[in-house]
Amino acid sequence: MIKLNFERDVIIMALYNMKELLDDAQRKQYGIGYFNAVNMEMVRAYISAAEEAESPIIIGTAEALLDIASFDWIVPLMIDQAKNAKVPVAIHLDHTYHFDTLMQALRAGFGSIMYDGSRETHEQNTENSKRIVDIAHAMGASVECELGSVGGLSDETGGEDITEYTNPNEAKAFIEKTGADFLAVSIGTAHGVYESTPKLDLERLGMIRETVDVPLVLHGGSGLSDEDFQGTIANGITKINVFTDIISAAADALTKNSGVSYLEGLQLAEAAMKRETLRKMTVFGSVGRA
Ligand code: 13P
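What counts as what
Residues numbered from 1 in each chain as written. Predicted model: local features only at pLDDT ≥ 70, side-chain atom pairs only at ≥ 80, totals over all residues. Heavy atoms only, no water. Helix = DSSP H or I, 4+ residues; strand = E, 2+ residues; numbered from the N terminus. Rg over C-alpha atoms; globule rule 2.2 N^0.38 Å. Buried < 20%, exposed > 50% of the residue type's maximum accessible area, 1.4 Å probe, protein only. Contact = heavy atoms within 4.5 Å. Lys, Arg positive; Asp, Glu negative; His and termini not counted. Charge placed at Lys NZ, Arg CZ, Asp CG, Glu CD. Phe/Tyr/Trp six-rings, centres within 6.5 Å; stacked < 30°, edge-to-face > 60°. Lys NZ or Arg CZ within 6 Å of the ring centre and 35° of its normal. Right-handed = clockwise from strand over helix to strand, strands pointing away. Pairing = 2+ DSSP bridges. Near = heavy atom within 4 Å. Polar contact = N/O pair within 3.5 Å; in protein donor to acceptor, adjacent residues only side chain to side chain. 1 Å grid on protein atoms, 1.4 Å probe; cavity = no way out; pocket = protein on both sides within 12 Å on 5 of 7 lines; lining within 4 Å. Sits in = over half its atoms within 2 Å of the grid points. Nonpolar A, V, L, I, M, F, W, Y, C, P; charged D, E, K, R; others polar. Axes fitted to C-alpha atoms, helices over the stretch in contact; angles between N-to-C directions. Parallel < 35°, antiparallel > 145°, perpendicular 65-115°, else oblique. Left-handed = near helix turned anticlockwise from the far one by under 90°. Expected span 1.5 Å × (residues − 1). Arc of directions from axis to C-beta. Core = buried A, V, L, I, M, F, W, Y, C linked by side-chain atoms within 4.5 Å.

**Notes on the overall build of the protein**
When helices and strands are counted, the protein shows 11 helices and 8 strands. Taking 2.2 N^0.38 as the reference for a compact globule, 290 residues should give roughly 19 Å; the C-alpha atoms of the protein span a radius of gyration of 18 Å, in line with that estimate. Across its three principal axes, the protein shows a C-alpha extent of roughly 55 × 50 × 40 Å. Counting only residues that meet the buried cut, the protein has 54% of its 290 residues in that class. Within the protein, residue pairs in contact and separated by at least 24 positions form 72% of the contacts whose partners lie at least 6 positions apart. Within the protein, the 43 negative side-chain charges are centred at a point lying 6 Å from the centre of the 24 positive side-chain charges.

The structure is reproduced here in structure tokens:
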């Protein structure tokens with residue numbers, strides 16, 4: 001007999017599924033921002049920006065951030081705020097490498113998770129991705145997988161930080177074999193602060209878009225120009241991950257206002273993160289799409 005996890009199933013139904021949001025974005029050719037949160041100020045900045053912009057939004061956390069805020073703290077907060085938001089909010093788990101963490105995330109109520117096997121061999125990435133997709137689908141959740149490797153992430157797995165562009169010829173078979181719902185692509189972006197101006201391979205992106213029909217994800221969204229975003233959306237990107245620009249906006253607000261009290265600092269940081277989120281939503285074309 002199948003034992004349903006009623007609490008989790010009810011939670012997922014109450015929230016928007018990331019797939020539902022991204023399918024709409026793909027049909028209408030706009031981008032939806034994904035933003036990581038580790039505390040209440042971040043969650044509130046994102047959701048109030050989305051409400052003000054009447055934009056859908058995706059928020060979540062990642063394995064590397066769990067030391068700052070564990071699932072026990074951050075998931076109930078995100079779910080509560082998402083359920084009460086006036087706009088569609090999906091909750092997603094970003095870069096996660098370990099099977100146990102992915103299973104904990106599904107039990108905690110994520111309707112969507114990312115398995116990052118980009119530092120594994122192609123065969124191992126394919127095998128692991130399929131295993132995780134099979135389990136997540138059986139639990140009613142969807143999965144983002146990465147093909148190629150977007151560099152610049154601090155190394156949580158002990159593996160080397162590598163950048164390897166996504167091979168368009170491998171994308172179709174990868175999606176067919178794994179059943180992944182979303183594909184993170186490597187086309188010249190990197191996580192964190194760019195040391196030189198990034199040059200994106202839009203031709204490669206267009207070729208990937210032609211071979212697969214699942215929503216495509218751009219990681220390393222901080223530091224890109226408006227033209228970069230518009231070019232990637234025109235060539236098939238629907239989800240854009242941004243983190244460094246958000247935390248830099250908060251840090252800048254604190255630096256410019258050094259000497260303020262802790263409580264004032266929290267408010268200034270939240271306001272700065274909200275402004276940056278609104279800026280991104282405007283460029284991504286998600287304003288008014290809620
Ligand atoms: P940035 O920190 O470069 O914006 O990248 C965010 C990201 O891709 C998270 O998955």
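After that view of the structure, there is still more to cover.
**Structural notes on the packing of aromatic side chains**
The tally for this structure, following the rule as stated, stands at 3 aromatic pairs. Consider the rings of Phe 71 and Phe 110, whose centres lie 5.5 Å apart with planes at 65°: the pair is edge-to-face. Linking Phe 71 in helix 4 (residues 71-83) with Phe 110 in the loop between helix 5 (99-108) and strand 4 (112-115), this pair joins segments that are 39 residues apart in sequence. Side by side, Phe 71 and Phe 110 carry an identical accessibility label, which is buried. For the cation-ring pair, Arg 131 lies above Phe 99, with the distance from its terminal atom to the ring centre recorded as 3.9 Å. Directly above the ring of Tyr 34 sits Lys 239, whose terminal nitrogen or CZ lies 4.7 Å from the centroid.

**Some words on the pairing of strand 3 (residues 89-96)**
On a regular strand, each side chain points to the face opposite its neighbour's, so the side chains alternate between the two faces of the sheet. Counted residue by residue, strand 3 has 8 buried out of 8 residues, so it is predominantly covered. This β-α-β element, strand 2 (residues 57-62) to helix 4 to strand 3, shows right-handed connectivity. In this sheet, strand 4 lies alongside strand 3 in parallel orientation, the contact comprising 3 bridges. Bridging from a neighbouring strand, Leu 93 pairs with Ile 113 of strand 4. The parallel pair strand 3 and strand 4, bridged by helix 5, forms a crossover whose chirality is right-handed.

**What about the site of the ligand?**
Taken together, 13 residues surround the ligand, and among them Asp 94, Gly 192, Gly 220, Ser 222 and Thr 244 come closest. Between the ligand and His 219 there is a distance of 2.9 Å, counted from an oxygen atom to a side-chain nitrogen or oxygen. At 3.0 Å from an oxygen atom of the ligand is found a side-chain nitrogen or oxygen belonging to Asn 241. Of the pockets mapped on this structure, the ligand occupies the largest pocket. At the level of elements, strand 3 and strand 8 (237-242) are the ones that each hand at least two residues to the shell around the ligand. Looking at the shell around the ligand residue by residue, the classes come out as 3 nonpolar, 9 polar and 1 charged.

**Considerations on the packing of helix 7 (residues 168-178) against helix 8 (residues 202-211)**
Contact geometry of helix 7 with helix 8 gives a least axis separation of 8 Å together with a crossing angle of 30°. Between helix 7 and helix 8, the interaxial angle falls into the category roughly parallel. Considering how the two elements wind past one another, helix 7 and helix 8 form a crossing that is right-handed. Each of Pro 168, Ala 171 and Lys 172 in helix 7 lies in contact with helix 8, whose residues at this interface are Arg 204, Met 207, Ile 208 and Thr 211. Looking at the contact of helix 7 with helix 8, its residues break down into 4 nonpolar, 1 polar and 2 charged.

**What to know about helix 4**
Under the 1.5 Å per step criterion, the end-to-end length of helix 4 is 17 Å for 13 residues, consistent within 8% with the ideal 18 Å. Here helix 4 has its buried residues at Phe 71, Ile 74, Val 75, Met 78, Ile 79 and Ala 82. Along helix 4, the residues classed as buried sweep out an arc of 125° about the axis, all on the same side. In helix 4, the exposed positions angled more than 90 degrees off the buried face are occupied by Asp 72 and Trp 73.

**A look at helix 10 (residues 244-256)**
With 13 residues, helix 10 should reach 18 Å at 1.5 Å per residue; the first-to-last C-alpha distance of 18 Å fits that figure. Turning to helix 10, its buried residues are Thr 244, Asp 245, Ile 246, Ala 249, Ala 250 and Ala 253.

**A word on the environment of Gly 223**
Structurally, the position occupied by Gly 223 is in the loop between strand 7 (216-218) and helix 9 (226-234). Along the chain, Gly 223 and His 191 lie 32 residues apart, while their C-alpha atoms are 9.5 Å from each other. The residues touching Gly 223, leaving out its near neighbours within four places in the chain, are Tyr 194 and Asp 245.

**Description of the side chain of Asn 36**
Checked against the element boundaries, Asn 36 lands in strand 1 (residues 32-36). A polar contact of 2.5 Å, which involves the side chain of Asn 36, links it to the side chain of Tyr 34. Reaching out from Asn 36, the side chain makes a polar contact with the side chain of Asp 94 at a distance of 3.2 Å. What Asn 36 contacts, discounting residues up to four positions off in sequence, is Met 42, Tyr 46, Gly 60, Thr 61, Ala 62, Leu 65, Asp 94, Val 242 and Phe 243.

**Digging into the nonpolar core**
By size, the foremost hydrophobic cluster in this structure holds 72 residues, and its most contacted members are Ile 59, Phe 110, Ile 113 and Leu 183. Looking at this core, the element that brings in the most residues is helix 3 (residues 40-53), giving 8 residues. Core analysis: the next-biggest nonpolar cluster, separate from the first, contains 13 residues, Tyr 30, Tyr 34, Ala 90 and Val 217 among them.

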